[in-house]
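Structural characterization, general
Okay, here's what each chain looks like letter by letter:
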Amino acid sequence: MREGLTIAGRTFTSRLIVGTGKYPSHAIMKAAHLASGADMVTVAVRRVDISRKTESLLDYIDTSQIFLLPNTAACYTADDAIRTARLGREAGMSNWVKLEVIGDEQTLFPDNEGLLEATRVLVKEGFVVLPYTNDDPVMCRKLADAGAAAVMPLGAPIGSGLGIQNPNNIRIIKEQATVPVIVDAGVGTASDAAVAMELGADGVLMNTAIAGADDPVMMAGAMKLAVEAGRMAYLAGRIPRKSYASASSPLDGVIGSRAR
Amino acid sequence: MTIKLNGDPHELHAPLSVSALLAQLEIDARRVAVELNLAVVKKAAYDSSVIEEGDEVEIVNFVGGG
């Protein structure tokens, strides 16, 4: 059961995409990446600290094995997101971007209008655009129509660890999608990742659930297994839900008072 | 002359290329991206792009994020 995740013609071994933020140390991040099996990680684009030399994140990412996906986190307008995407492309030498246009500081929910506008511009400029979006099937369709290479609906607010809040929407998004669906944000623990995959998602993207765990490396391993288990369960086809029991053992040959 | 570097005023003796500025700041050019007056400077153009008085320069790199 080793089928990869293909986005815009590029195939990844793992259906788990992980972040690089908020780890206790770069060394722990590197070990967690290894344990997760992920071959794509997200990075943020920020000003270089001119005043002091800091360790480079890239010293802890083997970019021959792991693909870098720059994000436009903390951008609140389409223009800022476009500008950040262009800088990320120049810094990373790939034309992929995890596009975020945020509409609200407290929830970090996306600004749909800005997101759609930025997607159109960046697609036209040749970017492979992976937009972080609401768990809204209509919005996901519009993004795919605008040329997004995948859609990345949120499971719950970024960093909240609440799990998949609207499983039915995720299922509908996947059923209707013409591009891969990556559940991005909201995962708290392994079962959340499994649920996302069981709903049919093509992949899961997470950062805080691993980086913020007491043992990030062990949690990364748990997430790897959960994503694989959820994918297998999805492909295997679960049984329908029923209200009443149906016995697993034969009813014939029972001894005792109910024997027949 | 004064430029704006990553949002703050920065003093330079004279106009210089993007390559020269990065060297002066001891920044590895391979790991950053540079914007000059809101336009991205391609790496191939670092030697030929000259920073003048009042220019706005942004130098960014990758940091941890989700």
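For the structure itself, consult the block above.
Residues numbered from 1 in each chain as written. Chains lettered and ligands numbered in written order. Predicted model: local features only at pLDDT ≥ 70, side-chain atom pairs only at ≥ 80, totals over all residues.

1. Remarks on the interface of chain B and chain A
Each partner contributes residues to the interface: chain B has 19 residues there, and chain A has 28 residues. Where the side of chain B that touches chain A is concerned, the elements lending two or more residues are strand E4 (33-36) and strand E7 (56-64) of chain B. With seven residues, E7(B) is the largest single contributor of residues to the side of chain B that touches chain A. When its residues are assigned to classes, the side of chain B that touches chain A shows ten nonpolar, five polar and four charged. As judged from the five bridges shared by strand E4 (residues 40-47) of chain A and E7(B), these two strands associate in the antiparallel manner. (Contact = placed C-beta atoms within 7 Å. Helix = DSSP H or I, 4+ residues; strand = E, 2+ residues; numbered from the N terminus. Nonpolar A, V, L, I, M, F, W, Y, C, P; charged D, E, K, R; others polar. Pairing = 2+ DSSP bridges.)

2. Some thoughts on the sheet that holds strand E7 (residues 128-133) of chain A
Spatial ordering of the open sheet is given by E6-E7-E8 (chain A), a layout of three strands whose pairing is parallel. Of all the strands in the sheet, just strand E6 (96-99) and strand E8 (152-153) of chain A have a single pairing partner and so form its edges.

3. Quick notes on the nonpolar core
Formed by 93 residues in total, the largest nonpolar core has its most connected members in A:Leu99, A:Val151, A:Ala193, A:Ala196, A:Val204 and A:Met223. Setting aside residues up to four positions removed in sequence, A:Val204 forms contacts with A:Arg15, A:Leu16, A:Ile182, A:Val183, A:Val187, A:Ala193, A:Ala196, A:Met197 and A:Val227. (Core = buried A, V, L, I, M, F, W, Y, C linked by C-beta atoms within 7 Å. Buried ≥ 20, exposed ≤ 12 C-beta atoms within 10 Å, placed from the backbone.)

4. Thoughts on the pairing of E7(A)
Residue and element names in this part refer to chain A. Most of E7 sits out of view: five of its six residues are buried. Bridge analysis of E6 against E7 gives four bridges, and the strand direction is parallel. Opposite Leu99, over in E7, you have Pro131 as the bridge partner. With helix H3 (residues 112-124) bridging E6 and the parallel E7, this β-α-β connection has right-handed handedness. Of the crossover connections in this fold, the one passing from E7 over helix H4 (residues 137-145) to the parallel E8 is right-handed. (Right-handed = clockwise from strand over helix to strand, strands pointing away.)

Taken by themselves, the reported measurements are silent on function.
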